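One-letter residues, chain by chain:
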Amino acid sequence: MSTADTATEPHLRRSLKNRHIQLIALGGAIGTGLFYGSSSAIQAGGPSILLAYLVGGAVIFLVMRALGEMSVHTPTSGAFSEYAFRDWGRFPGFFSGWNYWFNYIAVSMAELTVVGTYVNYWYPGIPTWISAAVFLVVVTAINLLEVRLFGEAEFWFAIVKVVAIIAMIALGLLIITTGIGNGGVPTGIDNLWTHGGFAPHGLWGTCLGLAVVMFSFGGVELIGITAGEADDPRRSIPTAINQVVWRILVFYVGALFVILALYPWTAIDGQASPFVEIFDRMHVPGAAHILNAVVLTAAVSAYNSGLYSNGRMLFSLARQGNAPRYLGRLARNGAPAAGVLTSSAITALAVVLLYVLPEQAFLYVVAVAMVGAVFNWSMIVITQILFRRRLTPEATAALRFRMPLFPYGNYLVLAFLALLVVVMGFSPGYRLALVVGPLWLGGLYLAYRVQLARAGASREATTVGA
């Protein structure tokens, strides 16, 4: 490809500021997994699920540092797909990109499946699939805006979540220590161990909650996708990774500590967000309604981030020649409209699933999302090992944002993900993932071979014609 050709190709615009990137990543990771899915994690492990969030957070930090090292060295919207393509090979690049898209389609569907549950808190007569359809259209429209406007919208979506979680933690601590909102009677933290102990189902129960815990952290790797549209990626990416990971840990562990201290874990039934349930049952004036509005915003925000990343990934795959050409087109405002609309159309299957299986929809899409997440995180840490092998000692020494504990941290992450797959095999709701995973891998490999065959046939026809 000539220099002139490269110069005339469409490019995503570097319009995202540091504050946008930090809040987009935070918004992508604080959603349904925390506000809704945490109830099933609590039921599996009791109060000890707090330890699972700490361990899971540490693993995600290592994954993000591996991604961050490559993103700072070579900022691109294709992120791990581009890196796997360059440092591993054509099929790993093909698989990594399409798998990330597949993963975030499932995550986006999970967010949509619970929107109706939150709306039903106020309007129980509205079918959940109708609520999902309305928000699907609204979020798709937001993603067709110029990226700077999208970043601004997601910034404020995430701000709402962050402020609400901080306020909830503060209010919860006041109830625990002073009894405000509870008739002046401090609740204390006895609920952490008086209902069967801190780990009522033992260590295995804590492990069984890992699937939902790790689903909760899915989305933070969106930082790597934003690198292609960051105005100063070598400064903003390290800041975003270091700050976002510890903030998520504070929000997750802090918020769930308050929830588990305020109310017996055995009373959390999963029929609504545990955050709303707790404050509704404790009769804190207005708190439950405010929190329900917040968790609704959180789901919409996480879906918003998911659609953003899916559109960019399809754009990158098309530019690599690994997706239909039309997906590599940009609208006049710089948005990858074709990728966004295609991803939105596939995500609309969540509306159909809610219509057909309203009770099981969330669990099914979470199980499928976990397949994609395990593949994603594994690909990132393996690709980073190969990335390091490609560098000379001088280039390694010059890295601006190095992966800590390399390569032992990479092996630790892979061992943890292997344990997670074993745990999913023992969880009835997640066994579907162990069927979908091999089928997805095999299907992508078949698609890759077909693409190679077509490319070979095209080259042969061109040669004959010449």
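Everything below is about the structure shown above.
> Explanation requested: the packing of helix 8 (residues 128–143) against helix 15 (residues 287–320) in the structure shown.
Each pair of packed helices can be described by the angle between their axes along with the distance between the axes. Following both chains from N to C, one finds helix 8 and helix 15 inclined at 50°, their axes separated by 10 Å at the closest point. Taken together, the axes of helix 8 and helix 15 lie oblique to each other. As helix 8 packs across helix 15, the resulting crossing turns out to be right-handed. Facing Phe135, Leu136, Val139, Thr140, Ile142 and Asn143 of helix 8, the residues of helix 15 in contact are Leu296, Val300, Tyr303, Asn304, Leu307 and Tyr308. Its residues assigned to classes, the contact of helix 8 with helix 15 shows nine nonpolar, three polar and no charged.

> Explain helix 15 to me, please; I cannot follow it from the model alone.
One full turn of an α-helix is made of 3.6 residues, so residues set three or four places apart face in the same direction. In this model, helix 15 (34 residues) spans 49 Å end to end at C-alpha, consistent with the 50 Å of a helix rising 1.5 Å per residue. For helix 15, the buried fraction is high: 30 of the 34 residues fall into the buried class.

> Teacher, can you tell me more about unusual backbone geometry here?
Glycine aside, residues mostly have negative phi, and peptide bonds are mostly found in the trans state. Residue Pro407 follows Phe406 across a cis peptide bond; omega there is 0°. Locating Pro407 in the fold gives a position in the loop between helix 19 (393–397) and helix 20 (408–425). The phi angle at Leu405 is positive, at roughly 60°, despite the residue not being glycine. With respect to the helices and strands, the residue Leu405 is situated in the loop between helix 19 and helix 20. Residue classification places Leu405 among the exposed positions, given a relative accessible area of 59%.

> Would you take a moment to explain the packing of aromatic side chains for this structure?
Where two aromatic rings form a pair, the distance of their centres and the angle of their planes describe that pair. Per the stated rule, a full pass over the model turns up 17 aromatic pairs. Judged by centre distance (6.1 Å) and plane angle (40°), the rings of Phe91 and Phe95 are tilted. Linking Phe91 with Phe95, this pair stays in helix 7 (residues 90–122), spanning four residues, or about one helical turn. Across the pair, exposure class does not vary: Phe91 and Phe95 are buried alike. When the ring of Tyr121 is compared with that of Trp122, the centres are 6.4 Å apart and the planes differ by 70°; the resulting orientation is edge-to-face. You can call Tyr121 partly exposed: its relative accessible area is 25%. Site record: aromatic cluster; members linked through ring pairs are Phe91, Phe94, Phe95, Phe375, Tyr445 and Tyr448. Cation over ring: Arg65 sits above Phe401, and NZ or CZ is 4.1 Å from the ring centre. Lying across the ring of Phe406, Arg388 places its NZ or CZ 4.3 Å from the centre.

About the cut-offs
Numbering of residues begins from 1 in every chain and follows the order in which that chain's sequence is written. Residues qualify for local features only when their pLDDT is at least 70, as the model is predicted, and side-chain atom pairs are given and counted only at 80 or more; totals for whole chains, interfaces and linings, by contrast, use all residues. Each side-chain value is worked out from all heavy atoms of the structure, with water and hydrogens disregarded. Throughout, an axis means a line fitted to C-alpha atoms (over the contacting stretch in the case of helices), and angles, computed between N-to-C directions, take values from 0 to 180 degrees. Per the convention used, a helix needs a DSSP run of H or I reaching at least four residues, while a strand needs a run of E reaching at least two, with both numbered from the N terminus. These descriptions rest on fixed angle ranges, namely under 35 degrees for roughly parallel, over 145 for roughly antiparallel, 65 to 115 for roughly perpendicular, and the rest for oblique. Crossing chirality is assigned from the near helix's rotation relative to the far helix, an anticlockwise turn below a right angle marking it left-handed and a clockwise turn marking it right-handed. In what follows, a contact means two residues having at least one pair of non-hydrogen atoms within 4.5 Å. Each residue receives one of three labels: charged for Asp, Glu, Lys and Arg, nonpolar for Ala, Val, Leu, Ile, Met, Phe, Trp, Tyr, Cys and Pro, and polar for the others, Gly being one of them. For a helix, the expected span equals 1.5 Å multiplied by the residue count minus one. Exposed residues in this analysis have more than 50% of their type's maximum accessible area, buried residues have under 20%, and partly exposed residues fall in between, with area computed by a 1.4 Å probe over protein chains only. Put simply, two rings from Phe, Tyr or Trp (the six-membered ring, in Trp's case) pair if the centres are within 6.5 Å, and we call them stacked under 30 degrees between planes, edge-to-face over 60, tilted for the rest. Remark: a charge is flagged as sitting over a ring if the NZ atom of Lys or the CZ atom of Arg is within 6 Å of the ring centre and within 35 degrees of the ring normal.

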